[in-house]
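Single-letter residue listing:
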Amino acid sequence: MRSVNIKVWLSELRKSIRQKAAAIELRAWLGKLYKAAHRNFPKFFPDPDHERRLAVYRSRDAEENERSSPSDGESIQLLCFWAAEYYLPSHLDGLVASFEKLGWDEEDEATATNSPVRWLRHRRQTLSGGGWMNLGRIDRLGRNTTIPRSRIAPLPDDVDFALGYLYSMTSTISCVVIAFVLKEEASLRYDQALRRNYETALRPLKRGHTIIGPNQQKLSAIRDIRSALRADLAAWYRSNLPGFFSAENVGAGLPTCEFQTLAKGVPFPPREDGSPRSDGFLTALDIDIDVNAWEYEGIPGLKFAWPLMHDRSQENHAIIAANEGDFSDEAIRHYGGRNGRSLSSYVDDHINVLLGRWALLGVVVKLQQQFSAIRESAHILNRSNKDALRALKRISDLFSKCVDSGTVADELSQFSSDAGYFSHDVADFRPCWPEYYRDKDITISNLLCESVSHQSRMLTGSSESVRTLLAQQNAALGTVENVRLQRKVTWLTLIILVLTLVMAWGALRENPFWHDLVTERAHLEQNGIPAQGILF
């Protein structure tokens, strides 16, 4: 009896083990199935290990936040934003109209305020057209200021005042470079964003997730601040002084430059191997690597960097940065002392010309994109030319645009052919890494001159090839349309001939003489008389 109970107990145990094993296998299988569903449809099936993984990642947040935050004695200020807009032959009349709309065309002998409209028209009448004009300080309407030569214009909300220059590169190419000096609350946004504490987040992907730590979030915060300010400046130009970049609705590509100062740190610190400072706040500001940096001989410590190493989303954007101690009290005494406004004005006097030349690279790149678009449009017209009139109109518009861009390319080539003229009044910035260049004594003005000259020569060649292509397209389209027209005329002639015969036949049958002939032929045939010659 006892042995029977043992057998029953063992049987029940085996059965229980099998059930538990089956349950474990089922849970494992369901777990695998859920994870597969999560990998393919993460929005509908959340990660079951999300909280556990997030806790592991966030355990390092405190250390990472501290390492990437400025020290207590550090102060980061974003003092100024420059923006440069160019005006090609098709934009110059609009620039004059914009000056008149702003009321800047009036002259005031009492305050020695000159008219940029009169100056610009005079430059256009000269052979070379070169020169520059100080537009002075620009304030918003209603602001009380003691500056007698201040101009009035609406300004972005974050801007305190602005300083402008008008450049005439050639008789048909002009540029307006404006320094927008930021208000105090706007100048501290970088500092405030870097001092915040961030928590690691997991962003779901199609298969898995990506980890966004405090360092990346600080980079994103700086990028958002920078993009917002650039968008405001692009909108300002589009509303007040539209030109090549803003009129083409490429505000994101408007050449801009920001001015940062540090109280303790050194922007673009030298590195023997060019490696960045790991996880520091300099990385978030994009001033940690000096590979693309240039140092100004006139103000040791003031550096210009372009392109940005980390924030690659910023097209045509540069950074000028320095430590506050790099500016001597004697140098800035005449600008109002040691404050953000004075430093912005002081630096603007030294680098405004440089920014106008640097922005030319953005112009030639945009012109290259236009030529590529024109060439592609010509190929599309070649593949689809059913509507000849519309195609010919499109070719005419493209040809006019190509001629305008080609003229600009020729003038830029001539402007950059004289390195001395191109580099006149341009600040002498020298590379922090001269070994990267063939000429160890190269300056940034030499580099810009060579780049603009090379690119403009390429543009001239592209202009000629595109114009040749458009002329060939026009001739080919005209030939095809002539053949089509000849075919249509041939068919129309045949149709007219058939209609004429039909109408003549109808008119002949209704003639009484025709009826008499038919009757006579029938009478002769009844009498057995041959009727050849009567009605055929």
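Bear in mind that the values here come from a model prediction, so they are computed numbers and not experimental data.

Enquirer: Would you mind showing me how to read the overall build of the chain here?
Expert: Counting its regular elements, the chain contains 16 helices and 12 strands. Split into buried and exposed, the 536 residues of the chain put 43% on the buried side. Sequence-distant contacts, at least 24 apart, represent 70% of the contacts inside the chain between residues at least 6 apart. Carbon and sulfur atoms form 55% of the exposed surface of the chain, whose accessible area is close to 29400 Å².

Enquirer: Could you clarify how one ought to interpret the sheet that holds strand β10 (residues 303–305) in this entry?
Expert: In any sheet, the strands associate via hydrogen bonds between backbone groups, in a parallel or an antiparallel arrangement. A sheet is described by the order of its strands in space; here 10 strands give the open sequence β3-β2-β4-β5-β1-β8-β11-β10-β9-β12, paired in mixed fashion. With partners counted over all chains shown, the strands left at the sheet margins are β3 (151–152) and β12 (429–431), one partner each. Strand contacts of helix α4 (residues 92–102): β1 (76–87), β3, β4 (159–168) and β5 (174–182), with the helix running at about 40° to β5, the strand carrying the most contacts.

Enquirer: Explain empty space enclosed by the protein to me, please; I cannot follow it from the model alone.
Expert: In this approach a probe as big as a water molecule rolls over the atoms, and the regions it shows empty are the leftover space. Within this structure, the stated rule accounts for 4 cavities of 30 Å³ or more. In this structure, the largest cavity encloses a volume near 70 Å³. In terms of lining, the largest cavity is formed by F268, D286, D288, I289, N292, A293, A305, P307, L308, M309 and I319. Of the residues in the lining of the largest cavity, the class split is 8 nonpolar, 1 polar and 2 charged.

Enquirer: I would appreciate a short explanation of helix α5 (residues 116–125) in the present structure.
Expert: For α5, the set of buried residues is P116, V117, W119, L120 and R123. Considered in projection along α5, the buried side chains sweep an arc of 165° and stay on one side of the axis. Tucked inside the fold, the buried residues of α5 contact α4, β2 (131–139), β3, β4 and β5.

Enquirer: Help me understand the nonpolar core in this model?
Expert: Here is a general trend for soluble globular proteins: nonpolar side chains tend to be buried in one another's company. Counting 112 residues, the largest nonpolar core has W82, L241 and F304 as its most contacted members. Ranked by residues supplied to this core, first place goes to helix α12 (residues 340–383) with 15 residues. Ignoring any residue separated from it by four or fewer positions in sequence, one finds F304 in contact with C257, N292, A293, W294, A318, I319, I320, L354, L355, W358, F429 and I444.

Enquirer: Would you take a moment to explain the pattern of salt bridges for this structure?
Expert: A side chain of one charge can pair with a side chain of the opposite charge when the charged atoms of the two come close. Inspection of every chain in the model, using the stated rule, returns 13 salt bridges. Residue R195 is joined to D191 by a salt bridge in which the shortest nitrogen-to-oxygen separation is 2.5 Å. Here the residue R195 and the residue D191 both occupy positions in helix α7 (residues 189–195), the gap between them amounting to 4 residues, near one helical turn. Because the salt bridges share partners, they merge into one network encompassing R226, E258 and D311.

Enquirer: When you look at unusual backbone geometry in this model, what are you seeing that I'm missing?
Expert: Trans is the prevailing form of peptide bonds, just as negative phi is the prevailing case for residues other than glycine. The peptide bond linking W306 to P307 adopts the cis configuration, its omega dihedral lying at 0°. Position of P307 among the secondary structure elements: in the loop between β10 and β11 (317–323). Not every positive phi belongs to a glycine, and D286 is a case in point at roughly 65°. Unlike most non-glycine residues, N316 shows phi in positive territory, near 55°. With respect to the helices and strands, N316 occurs in the loop between β10 and β11.

Enquirer: For this particular structure, what's the right way to read the side chain of Q260?
Expert: With respect to the helices and strands, the residue Q260 is situated in strand β8 (residues 256–262). Since its relative accessible area comes to 1%, Q260 is described here as buried. Among the polar contacts made by the side chain of Q260, one reaches the side chain of E258 at a distance of 2.6 Å. Those residues within four positions of Q260 in sequence are excluded, and the remaining contacts are Q77, L78, Y190, R226, L285, I287, I319, I320, A321 and A322.

Enquirer: Teacher, can you tell me more about the packing of aromatic side chains here?
Expert: Any pair of aromatic rings gets described here by the distance separating the centres and the angle formed by the planes. In the structure shown here, the tally under the stated rule is 18 aromatic pairs. Taking 5.0 Å as the distance between ring centres and 20° as the angle between the ring planes, the aromatic pair formed by Y296 and F429 counts as stacked. In this pair, Y296 sits in strand β9 (residues 293–296) while F429 sits in strand β12, placing the two residues 133 residues apart along the sequence. As far as burial versus exposure is concerned, Y296 and F429 are alike and both buried. Seen from their ring centres, Y335 and Y346 are 5.3 Å apart, and the 75° between their planes marks the pair as edge-to-face. Of this pair, Y335 sits in the loop between α11 (329–332) and α12 while Y346 is found in helix α12, placing the two residues 11 residues apart along the sequence. Judged by relative accessible area, Y346 falls into the buried class, the value being 10%. Through pairs of rings, three or more aromatic residues link up here, namely W82, F259, F327, Y335 and Y346. For R137, the ring lying beneath its charged end belongs to F161, and the centroid distance is 4.0 Å.

Enquirer: Help me out: how do you make sense of the pairing of β2 in this one?
Expert: Along any regular strand, the residues point their side chains to alternate faces of the sheet. Direction of pairing for β2 relative to β4: antiparallel, over a ladder of 7 bridges. Bridge pairing in β4 links G131 to S168. In the sheet, β2 pairs with β3 via 2 bridges, with the strands oriented parallel. The residue of β3 that forms the bridge with D139 is I152.

Enquirer: How should I be thinking about the side chain of R137 in this particular structure?
Expert: Within the element layout of this structure, R137 appears in strand β2. A polar atom in the side chain of R137 sits 3.0 Å from the side chain of D139.

Calculation rules
- Residues numbered from 1 in each chain as written.
- Predicted model: local features only at pLDDT ≥ 70, side-chain atom pairs only at ≥ 80, totals over all residues.
- Heavy atoms only, no water.
- Helix = DSSP H or I, 4+ residues; strand = E, 2+ residues; numbered from the N terminus.
- Buried < 20%, exposed > 50% of the residue type's maximum accessible area, 1.4 Å probe, protein only.
- Contact = heavy atoms within 4.5 Å.
- Areas by Shrake-Rupley, 256 points an atom, 1.4 Å probe, with all protein chains shown as cover.
- Pairing = 2+ DSSP bridges.
- Axes fitted to C-alpha atoms, helices over the stretch in contact; angles between N-to-C directions.
- 1 Å grid on protein atoms, 1.4 Å probe; cavity = no way out; pocket = protein on both sides within 12 Å on 5 of 7 lines; lining within 4 Å.
- Points joined across faces, edges and corners; volume = space filled by probe spheres on them.
- Nonpolar A, V, L, I, M, F, W, Y, C, P; charged D, E, K, R; others polar.
- Arc of directions from axis to C-beta.
- Core = buried A, V, L, I, M, F, W, Y, C linked by side-chain atoms within 4.5 Å.
- Salt bridge = Lys/Arg side-chain N within 4 Å of Asp/Glu carboxyl O.
- Polar contact = N/O pair within 3.5 Å; in protein donor to acceptor, adjacent residues only side chain to side chain.
- Phe/Tyr/Trp six-rings, centres within 6.5 Å; stacked < 30°, edge-to-face > 60°.
- Lys NZ or Arg CZ within 6 Å of the ring centre and 35° of its normal.

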